[in-house]
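Below, each chain spelled out in residue letters.
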Amino acid sequence: MNYKHILGKIFKSKDSPNIILSGYYKINKLSILFDYISKDNNKYTKYSIDYIYHRDYKIFNMITINKSKEENFFKLLNENIQCKNYYSDYKMIILDNFNLISNKIQDKFRVIFEKYRTTTMFIIITDKLNSIINPIQSRFLTIRINEVSPIEKRKISRCYFKDLPYIKKSKIYDKIYKLSDISDIKKYSVNPEGILLDH
């Protein structure tokens, strides 16, 4: 089933499951998530931990959480989970680059996921599904985001330069076939002059 259809249903539901977004490392899965949640957010730092704040969600990039920051991170995480959200029925915690943390830290998360499931929706973003321990996987709905096919890439791209002659279109297609991220495909399609000048 198409991941867009699944995500659309999840974010319309009042009883959303915890989810894992998994896919090829070149696919910007956080950007895909922003198609379903507000992009209007701010960057904050507390206890030396950088994170993205919105009234409905918090985003933590696990690539920045090293061993020296682990205690402060979990302190901040618990504060955000336990803080009441007056704007929504539940809070959302998004953990990007989850594949970069150890099994030991994942065990700590497992306890948190179980304890706060009824009040918080957790979203894990990972490049490697097999890097996540089974007790966590079993409590989440896994959504695999596959690479965009060449046909889909052409379809996304075509509407931006439909009046160009075929020879120029083919040069743009050659470039976008090498891209995996939809936002990059759109960027090169909207402004293809650089591609055309390179040939």
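Thresholds, definitions, all that
- Residues numbered from 1 in each chain as written.
- Predicted model: local features only at pLDDT ≥ 70, side-chain atom pairs only at ≥ 80, totals over all residues.
- Heavy atoms only, no water.
- Salt bridge = Lys/Arg side-chain N within 4 Å of Asp/Glu carboxyl O.
- Helix = DSSP H or I, 4+ residues; strand = E, 2+ residues; numbered from the N terminus.
- Pairing = 2+ DSSP bridges.
- Axes fitted to C-alpha atoms, helices over the stretch in contact; angles between N-to-C directions.
- Contact = heavy atoms within 4.5 Å.
- Core = buried A, V, L, I, M, F, W, Y, C linked by side-chain atoms within 4.5 Å.
- Buried < 20%, exposed > 50% of the residue type's maximum accessible area, 1.4 Å probe, protein only.
- Phe/Tyr/Trp six-rings, centres within 6.5 Å; stacked < 30°, edge-to-face > 60°.
- Lys NZ or Arg CZ within 6 Å of the ring centre and 35° of its normal.
- Expected span 1.5 Å × (residues − 1).
- Arc of directions from axis to C-beta.
- pLDDT = per-residue confidence, 0-100.
- Polar contact = N/O pair within 3.5 Å; in protein donor to acceptor, adjacent residues only side chain to side chain.

Q: Help me out: how do you make sense of the pattern of salt bridges in this one?
A: Pairing of side chains with opposite charge becomes possible as their charged atoms draw close. Applying the stated criterion across every chain, the model contains 6 salt bridges. Glu 70 serves as the salt-bridge partner of Lys 108, at 2.6 Å between the closest nitrogen and oxygen. Here Lys 108, found in helix α4 (residues 103–115), pairs with Glu 70, found in helix α3 (residues 70–82); they are 38 residues apart in sequence, far enough to count as distant. Overlapping salt bridges, with partners in common, bring together Asp 107, Arg 110, Glu 114 and Arg 139 in one network.

Q: Explain the sheet that holds strand β2 (residues 42–46) to me, please; I cannot follow it from the model alone.
A: Pairing between sheet strands relies on hydrogen bonds along the backbone, with the strands arranged either parallel or antiparallel. Judged by pairing direction, the sheet is mixed, and its 7 strands sit side by side in the order β2-β3-β4-β5-β6-β1-β7 without closing on themselves. Edge positions in the open sheet fall to β2 and β7 (141–145), since each of these has one partner strand only. Within this sheet the neighbouring strands show an average axis-to-axis angle of 25 degrees, counted without direction. Bridge analysis of strand β1 (residues 19–23) against β7 gives 5 bridges, and the strand direction is parallel. Its bridge partner lying in β7, Gly 23 is registered against Ile 145. Its contacts with the sheet put helix α1 (residues 3–12) on β1, β5 (91–96), β6 (120–126) and β7, and the angle it makes with β7 is roughly 140 degrees. Seen against the sheet, α3 touches β2, β3 (49–54), β4 (57–61), β5 and β6 and runs at an angle of roughly 155 degrees to β5.

Q: Help me understand the nonpolar core in this model?
A: Most often, soluble globular proteins keep nonpolar side chains buried together rather than apart. Counting residues in each nonpolar core, the largest one holds 30 residues, and the members touching the most others are Phe 11, Leu 33, Ile 94 and Ile 123. The element contributing the most residues to this core is α1, with 4 residues. With residues near it in sequence (within four places) discarded, Phe 11 still touches Leu 33, Tyr 36, Ile 37, Met 92, Met 121 and Ile 123. Ranked by size, the runner-up nonpolar core spans 27 residues in total, among them Phe 60, Phe 73, Phe 74 and Leu 129.

Q: What should I look at first to understand the packing of aromatic side chains in this one?
A: Any aromatic ring pair is given by two values, namely how distant the centres are and how the planes are angled relative to each other. Summed over the entire model, instances satisfying the criterion amount to 15 aromatic pairs. Summarising the aromatic geometry, the rings of Tyr 24 and Tyr 25 are spaced 4.9 Å apart at their centres and angled 65 degrees between planes, so their arrangement reads as edge-to-face. An aromatic cluster is present here, built from Tyr 44, Tyr 51, Tyr 53, Phe 60, Phe 73, Phe 74, Phe 98, Phe 109, Phe 113, Phe 122 and Phe 140 joined pairwise through their rings. The ring of Tyr 47 has Lys 75 sitting right over it, with the charged end atom 4.5 Å from the ring centre.

Q: How should I be thinking about α3 in this particular structure?
A: It helps to recall that an α-helix has 3.6 residues per turn; residues three or four apart then point in one direction. Between its terminal C-alpha atoms α3 stretches 18 Å, which fits the 18 Å expected from 13 residues at 1.5 Å a residue. Taken together, the buried positions of α3 are occupied by Glu 70, Phe 73, Phe 74, Leu 76, Leu 77, Asn 80 and Ile 81. Angular distribution of buried residues about the axis of α3 spans 160 degrees; they occupy a single face of the element. Opposite the buried face of α3, by more than 90 degrees, sit the exposed residues Glu 71 and Gln 82. Buried positions along α3 lie against β2, β3, β4, β5, α4 and β6.

Q: How should the confidence of the model for the protein chain be read in this particular structure?
A: The predicted coordinates ought not to be read in detail in places where the model reports low pLDDT. The pLDDT averaged across the protein chain works out to 83; a share of 90% of its residues lies at or above 70. In the model, residues 195–199 has pLDDT below 50 throughout and makes 8 contacts with residues more than four positions away in sequence or in other chains.

Q: Honestly, the environment of Asp 56 in this entry has me stumped. Any pointers?
A: Position of Asp 56 among the secondary structure elements: in the loop between β3 and β4. It is 8.8 Å that separates the C-alpha atoms of Asp 56 and Ile 93, two residues lying 37 residues apart in sequence.

Q: Would you mind showing me how to read the side chain of Thr 120 here?
A: One can find Thr 120 in strand β6. Engagement of the side chain of Thr 120 in a polar contact is seen with the side chain of Thr 119, the distance being 3.4 Å. Residue contacts for Thr 120: discarding those within four places in its chain leaves Asn 18, Ile 81, Lys 91 and Ile 93.

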